[in-house]
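# What the coordinates show
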Amino acid sequence: MRAPRRDQLRNRQRLIAAAREAFAEHGPEIALEEIARRAGVGTTTLYRHFPEKEGLIEAVLDDLVAAVRHNAELAMHDLDPVRAFRAVFTQSCDMSEQEVATFARLAGAGDRADEHAQHLITAVVGPATDRLRAAGGLRSGITAEDIAAFVRMTLTADSDEARAKAIQVLLDGLISQADATGRG
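Residues numbered from 1 in each chain as written. Predicted model: local features only at pLDDT ≥ 70, side-chain atom pairs only at ≥ 80, totals over all residues. Heavy atoms only, no water.

To continue, consider the overall build of the chain. Of regular secondary structure, the chain possesses nine helices and zero strands. Mapped from its N terminus to its C terminus, the chain presents α and β elements in the order α-α-α-α-α-α-α-α-α. Considered along the principal axes of its C-alpha atoms, the chain spans approximately 60 × 40 × 25 Å. Considering only contacts within the chain whose residues lie at least 6 apart along the sequence, 71% involve residues at least 24 apart. Only carbon and sulfur atoms are counted for the fraction: they give 52% of the accessible area of the chain, which is about 9900 Å². Taking the 23 positively charged and 28 negatively charged side chains of the chain as two groups, their mean positions are separated by 6 Å. (Helix = DSSP H or I, 4+ residues; strand = E, 2+ residues; numbered from the N terminus. Contact = heavy atoms within 4.5 Å. Areas by Shrake-Rupley, 256 points an atom, 1.4 Å probe, with all protein chains shown as cover. Lys, Arg positive; Asp, Glu negative; His and termini not counted. Charge placed at Lys NZ, Arg CZ, Asp CG, Glu CD.)

Structure representation (structure tokens):
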């Protein structure tokens, strides 16, 4: 199988960028033809890359989470599992208000989008969650899926201040008192 041509990759990126902007402005209800127009491509090109709207929504969700995923990977270099978990959790909640609103609208577009959004967040927080659990620093019974749900809860906060408070309360409740570093 050949690698995609440069123009194909460029068109795909243009479509995702146009969709991200259009979804932020109008929600997932916007017509695909309008997204193609904004991207400067024909509808045939759009449908070649994204045969159905759900695939485009998933691609935009992936794009919205890309920076968070990168930051989580960097945080995992910290040798202290508690600090790494705190950083991953906090950074997973660190999106602009517009990104949060777009993510929430797209995740609510249907079951497939909701499952994809949950999977994305679980994939970001999973390694830090597993590492903290293995070190004995995670409250018993908490899974990566639970952590992903908590992250999504913080994304619904009305302000940055409310989000920061929710993050702190959740972290205080998730990390066991006798954490992995021996601090109690």
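So that's the structure; there's more coming.
So, on to the packing of helix α5 (residues 81-92) against helix α7 (residues 111-134). Here α5 crosses α7 at 155 degrees, and the two axes come no closer than 9 Å. Relative to α7, the element α5 is oriented roughly antiparallel. Considering the relative orientation of α5 and α7, their crossing is left-handed. Facing α5, whose interface residues are Pro81, Val82, Ala84, Phe85, Val88 and Ser92, α7 presents Val124, Val125, Ala128, Thr129, Arg131 and Leu132. (Axes fitted to C-alpha atoms, helices over the stretch in contact; angles between N-to-C directions. Parallel < 35°, antiparallel > 145°, perpendicular 65-115°, else oblique. Left-handed = near helix turned anticlockwise from the far one by under 90°.)

Across the chain, the average pLDDT comes to 90, with 94% of residues at or above 70. Averaged pLDDT values over the elements of the chain bottom out at 89 in helix α6 (residues 97-107) and peak at 97 in helix α2 (residues 32-39). Here residues 179-184 is modelled with pLDDT under 50, and outside its nearest four sequence neighbours on either side it reaches 13 contacts, counting other chains as well. (pLDDT = per-residue confidence, 0-100.)

Below, the discussion takes up the nonpolar core. If you look at the biggest cluster of nonpolar residues, it comprises 54 residues, and the most contacted ones within it are Phe23, Ile35, Phe85, Phe89 and Phe103. Residues in contact with phenylalanine 85, not counting those within four places in the same chain, are Ala128, Thr129, Leu132, Leu138, Ile147, Leu171, Leu174 and Ile175. (Core = buried A, V, L, I, M, F, W, Y, C linked by side-chain atoms within 4.5 Å. Buried < 20%, exposed > 50% of the residue type's maximum accessible area, 1.4 Å probe, protein only.)

Attention shifts here to α5. Its twelve residues place the ends of α5 16 Å apart at the C-alpha level, agreeing with the 16 Å of an ideal helix rising 1.5 Å per residue. Every buried residue belonging to α5 is among Pro81, Val82, Ala84, Phe85, Val88, Phe89 and Ser92, and all of these are buried. Along the long axis of α5, the arc covered by the buried residues comes to 165 degrees, so they all point the same way. Taken together, the buried residues of α5 touch α4 (53-75), α7, α8 (144-154) and α9 (160-174). By the N-cap criterion, in which a side-chain oxygen at the helix start approaches the backbone nitrogen of a residue two or three places on, α5 is capped by aspartate 80, the distance to valine 82 being 2.9 Å. (Expected span 1.5 Å × (residues − 1). Arc of directions from axis to C-beta. Polar contact = N/O pair within 3.5 Å; in protein donor to acceptor, adjacent residues only side chain to side chain.)

With 21 residues, helix α1 (residues 6-26) extends 30 Å from end C-alpha to end C-alpha; this agrees with the ideal 30 Å at 1.5 Å per step. Among the residues of α1, Asn11, Leu15, Ile16, Ala18, Ala19, Ala22 and Phe23 are the ones counted as buried. For α1, the secondary structure elements touched by its buried residues are α2, α3 (43-49), α4 and α6. A positive phi of about 80 degrees marks glycine 27, the residue just after α1.

Here we come to the packing of α1 against α2. At a closest axis distance of 8 Å, the pairing of α1 and α2 adopts a crossing angle of 125 degrees. Our classification of the angle between α1 and α2 gives oblique. For α1 against α2, the interelement crossing comes out right-handed. Of the residues in α2, those in contact with Arg14, Leu15, Ala18, Ala19, Glu21, Ala22, Phe23, Glu25 and His26 of α1 are Ile35, Ala36, Arg38 and Ala39. Of the residues that constitute the contact of α1 with α2, the class distribution is eight nonpolar, one polar and four charged. (Nonpolar A, V, L, I, M, F, W, Y, C, P; charged D, E, K, R; others polar.)

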